[in-house]
There are 2 protein chains.
Amino acid sequence: MSIRNPKQALYEQFAIVAKALGHPLRLEMIEHLAQGARSVEVLAAKLARPVANISQHLQALRRAGIVSAERDGKFVHYSLADDSVLSAFAAVRGVAERQLAEVDRIVRGYFDARDDMQPVTRRELRRLMRDGLVTLIDVRPADEFALGHVPGAINVPLGKVRAWSADAAIGREIVAYCRGPWCVMSFEAVAALRALGHSARRLEDGMPEWKAAGLPVEVAA
Amino acid sequence: MSIRNPKQALYEQFAIVAKALGHPLRLEMIEHLAQGARSVEVLAAKLARPVANISQHLQALRRAGIVSAERDGKFVHYSLADDSVLSAFAAVRGVAERQLAEVDRIVRGYFDARDDMQPVTRRELRRLMRDGLVTLIDVRPADEFALGHVPGAINVPLGKVRAWSADAAIGREIVAYCRGPWCVMSFEAVAALRALGHSARRLEDGMPEWKAAGLPVEVAA
DNA sequence: CCGTCATTCAATGGAATAATTGAATGACGG
DNA sequence: CCGTCATTCAATTATTCCATTGAATGACGG
């Protein structure tokens, strides 16, 4: 280890954190961990990756102080070290959104830019929910829903949206949310619902942001 | 280029930004650019690095949408693309501060933890300045001071602190600030002033944060 | 105490990144 | 149009990072 002055040493520490965020798979892992603690195996299954690979990335995230590990018998449960990680994730996303035309292109391309994709804000959703004007669906898998969801939301995992919507009244607006502002599950849910003649919109972002905003969260018994 | 789904493509875009932040030298460059636009040559001189090296890092930052370039005759002036970059920098710093014991160790080690290093908050500084209770010094180089400084601050570049303090009254408190919360110049200024018998403290952070907080900035004529 | 299972470690090869050097571009002044 | 200067590009080497594989660790259940 070469001798460094304190200033360089500090920048190196900051760079360790940023570097750990600088890999698509690790970012995806963080977004999953933002939904709740996960074991290595479960995370590997969710991301369809070899367990050893996920384990190594988790080590990298742990070295950077981004995730923390807790042993529970044979299992090791990983979770985000604290809320500052979500802030950093959101800030990086913010730079990308504002500066990289590519992000805009991807999002628009995904939805074909065919009609208004104006998302519902958290504030607006709270008002609509209070007045009973909309049906709120959480399109994440059941296990993530169980760990915490918006009060009043119904869990309709993405694969079941079509079947569920058969029983829903046409005309009543549906709002969908999932893991975060770029989580594609809510995009797909809204697209499917609209194709079936429903009025549907996305919440502007997802569960981690809802919780980070200090809004109430309901946990399954 | 392999075929990717939109979700992966988005994570890749986000990773580009984080990866660009994941190098100590680039972080230091960002902190300098946060003080104002700089040409490649000036930046290289400030960081004591070969021009070509800085140029390449600037290209990397530009590809990530972090800095923008503006040609002015023979010179190219680089500056931060927008304020979201400062947010991202601060967020990464926040993770490092909270999670990496190493950061704390470095800062403490730098000051030997011998007495209270409680910094002055922005709010407190504004009150002290309004009541005329402190002398505020900006220890950055003169060119950075000229591009914007806290109203009422005196520019005392680090190398001149000792000479300047000879004329300062003992007993009146001095507050020093520079480029940001980890900028070591203010640490050194405070250490030097205290060694000379003055009462001195640091502002909690520096110029970019002051500006980002929407507080008034004074620019040299 | 032994088998099983979740996780981590170690070693490999291949890809990306970084610093350095020297040459190439592009704009200004004469 | 030519020399100068700021900047960028290209090529090289050393380093680091990444995915994969198979073996090692550590804890539980019998």
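Scroll up to find the structure this text is about.
Residues numbered from 1 in each chain as written. Chains lettered and ligands numbered in written order. Predicted model: local features only at pLDDT ≥ 70, side-chain atom pairs only at ≥ 80, totals over all residues. Heavy atoms only, no water.

A few words now on unusual backbone geometry. Residue and element names in this part refer to chain A. Not every positive phi belongs to a glycine, and Ala-48 is a case in point at roughly 55°. Secondary-structure assignment places Ala-48 in the loop between α3 (40-47) and α4 (51-63). According to the relative accessible area criterion, Ala-48 is exposed, its value standing at 67%. (Helix = DSSP H or I, 4+ residues; strand = E, 2+ residues; numbered from the N terminus. Buried < 20%, exposed > 50% of the residue type's maximum accessible area, 1.4 Å probe, protein only.)

Right, let's get into the sheet that holds strand β7 (residues 200-202) of chain B. Residues and elements named next belong to chain B. Strand order in the open sheet made by the four strands is β5-β4-β6-β7, with parallel pairing throughout. Edge strands, defined here as strands with exactly one partner in the open sheet, are β5 (154-155) and β7. Helix-sheet contacts for helix α7 (residues 122-130) involve β4 (134-138), β6 (173-177) and β7, and the interaxial angle to β4 is about 120°. In the packing of helix α10 (residues 184-195) onto the sheet, the strands contacted are β4, β6 and β7, and the crossing angle to β7 comes to about 170°. (Pairing = 2+ DSSP bridges. Contact = heavy atoms within 4.5 Å. Axes fitted to C-alpha atoms, helices over the stretch in contact; angles between N-to-C directions.)

On to the interface of chain B and chain A. It is common to report an interface's size as the accessible area lost on association of the parts. With 47 residues of chain B at the interface, the matching set in chain A holds 47 residues. Buried surface at the junction of chain B and chain A, both sides included, amounts to about 4,200 Å², of which 76% is carbon and sulfur. Counting the contacts that link chain B with chain A gives two residue pairs in polar contact (both at pLDDT 80 or more). (Buried area = accessible area lost by both parts, 1.4 Å probe. Polar contact = N/O pair within 3.5 Å; in protein donor to acceptor, adjacent residues only side chain to side chain.)

Attention now goes to the protein's contact with DNA strand C. Close contacts around DNA strand C come from 21 residues, with Ser-39, Glu-41, Ser-55 and Tyr-78 of chain A together with His-57 of chain B the closest. Backbone atoms, meaning sugar plus phosphate, form 76% of the atoms of DNA strand C positioned within 4 Å of the protein. At 2.6 Å from a phosphate oxygen of DNA strand C is found a side-chain nitrogen or oxygen belonging to His-57 of chain B. Counting residues per element, the ones that place at least two in the surface near DNA strand C are α3, α4 and β3 (75-80) of chain A together with α4 (51-63) of chain B. (Near = heavy atom within 4 Å.)

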